[in-house]
Amino acid sequence: MRLDPRYLAVAACGGSAFLDMYATQPLLPSLRAEFRTGEAAVGATISVLTFGCALAAPFVGPLADALGRKRVIVSAIFGLALVTFAAAHATTLHALLVWRFVQGLFMPAVFAVTLAYIAEEFPAEVGGRAIGAYIAGNVLGGFLGRYVTALVADRWDWHLAFVVLGVMNLAGGAIVWIWLPRSRRFVRQSSASGALHAVSRFVRDPVLLATYAVGASVLFSLVAAFTFATYYLAAPPFLLGTLALGNVFFVYLAGVVVTPVAGRMIDRLGHRRTVLIAIAVSASGVLLTLIPNIATIVAGLAVMSTGVFASQAASQGYIGVVARDHRSTAAALYITVYYIGGGLGAVLPAGIWNHGGWPATVALIVIVQAFAAVLAAALWTRSTA
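Note that the coordinates shown come from a computational prediction; the quantities given were computed from them, not determined experimentally.

Undergrad: Just to check I follow, could you spell out the side chain of Ser 16 for this structure?
TA: Inspection of the secondary structure assignment puts Ser 16 in helix α1 (residues 5-21). Accessibility expressed as a relative area gives 3% for Ser 16, which makes it buried. Among the polar contacts made by the side chain of Ser 16, one reaches the main-chain carbonyl oxygen of Ala 12 at a distance of 2.7 Å. Setting aside residues no more than four positions away along its own chain, Ser 16 makes contact with Ile 77, Leu 80, Asn 169, Gly 172 and Gly 173.

If you want it as structure tokens, here you go:
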């Protein structure tokens, strides 16, 4: 059976941007030593990027509603490649943070607009599968960004790793340019007042607000778990080095298998039931990491992350159910809240980590996941048809 190239193209959209999103995660202990600073300071190499995403996202929706989906997506991926090359030349932590922030400004033009493209161009009966393909691309890109960075940095240095990531961005942009069809159902909406009216309506919709909060909680838990698990595994008694920490992110590859399955679950069970099951799986995985054994910790992170990926598919896909127009704008608002949650996940648990270590960090993550489950159970009641 021939694979529809559209699914490959939307996977490449997510993968191209996620290459850079968490690329510094396996480098955090070595960056902490190189720049002689603390966990929160080097964790900012993740949070400034996610805050850049949050800042730029509200402007992306109206831009894509006016210019078209594919044009904005492809331009953003190529722009991201150029900024990644620039980040490779950073010589201070401040310079690296500046370029990481600029990387974040380009990413919502890929994330939010791809979600709008899927909602418009894929029939409802396969919408979950399209979201699953997109999230699978996110997962693969997130893994490759971390692993390639760790591999290159371990043998050479992190500057060259960013050059390699920039080349991979260019390759991903080329795939999207060639394989992503032009929109057939896109309706140009160039009115700024229309976009502002849509934003005003969206921020008063309790179901959309709950969807945004669920997404933010999910990303908070993922970023917090993998950021502080890096410090946990780099410290005694485990003492993992940069490459070994990069190998931990092989657990992400499970998400490439899980997310298409999650897409089919959404199509069959609905978004609400899928997200509740996924959050329960994710919470059980993070609790498993409390057993002080490397194999068990890695297994727990694998279970936790696959639950997160399925939760992401459900929450991102639910936007297309709730928002019937200005979907780029609705998705952009989701991205804003989503990445604020992710940015907080990289730095907010630092105080808890310093006082209670990994067990206290796990407790915080589970509390945030429980909050997301309560919101979805209470408010995700609209039909997914």
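Undergrad: Got a minute to help me understand the packing of aromatic side chains in this structure?
TA: Given two aromatic rings, their pairing is described by the distance between the two centres and the angle made by the two planes. Counting across every chain of the model gives 15 aromatic pairs. When the ring of Phe 143 is compared with that of Tyr 147, the centres are 5.5 Å apart and the planes differ by 15°; the resulting orientation is stacked. With a gap of 4 residues between them, Phe 143 and Tyr 147 both fall in helix α7 (residues 127-155), about one helical turn apart. According to the relative accessible area criterion, Tyr 147 is buried, its value standing at 19%. Aromatic pair Tyr 334 and Tyr 338: ring centres 5.2 Å apart, planes at 20°, arrangement stacked. Here Tyr 334 and its partner Tyr 338 are both found in helix α15 (residues 327-347), 4 residues apart, which amounts to about one turn of the helix. Among the residues examined, Tyr 334 registers a relative accessible area of 0% and is labelled buried. Given the relative accessible area of 1%, Tyr 338 is considered buried. Within the aromatic cluster, the residues linked to one another by ring pairs are Tyr 212, Tyr 334, Tyr 338 and Tyr 339.

Undergrad: What am I meant to see in a nonpolar patch on the surface here?
TA: A cluster of nonpolar side chains, contributed by Leu 8, Ile 175, Trp 177, Ile 178 and Trp 179, occupies part of the molecular surface with about 550 Å² of accessible area. Examining the composition of the nonpolar patch, we find that 4 residues originate from one element, helix α8 (residues 158-179), more than from any other. By the element assignment, Trp 177 lies in helix α8.

The rules we used
- Residues numbered from 1 in each chain as written.
- Predicted model: local features only at pLDDT ≥ 70, side-chain atom pairs only at ≥ 80, totals over all residues.
- Heavy atoms only, no water.
- Helix = DSSP H or I, 4+ residues; strand = E, 2+ residues; numbered from the N terminus.
- Buried < 20%, exposed > 50% of the residue type's maximum accessible area, 1.4 Å probe, protein only.
- Polar contact = N/O pair within 3.5 Å; in protein donor to acceptor, adjacent residues only side chain to side chain.
- Contact = heavy atoms within 4.5 Å.
- Phe/Tyr/Trp six-rings, centres within 6.5 Å; stacked < 30°, edge-to-face > 60°.
- Patch = residues over 30% accessible without salt bridge, like charges linked within 9 Å, V, L, I, M, F, W, Y side chains within 5 Å.
- Areas by Shrake-Rupley, 256 points an atom, 1.4 Å probe, with all protein chains shown as cover.
- Salt bridge = Lys/Arg side-chain N within 4 Å of Asp/Glu carboxyl O.

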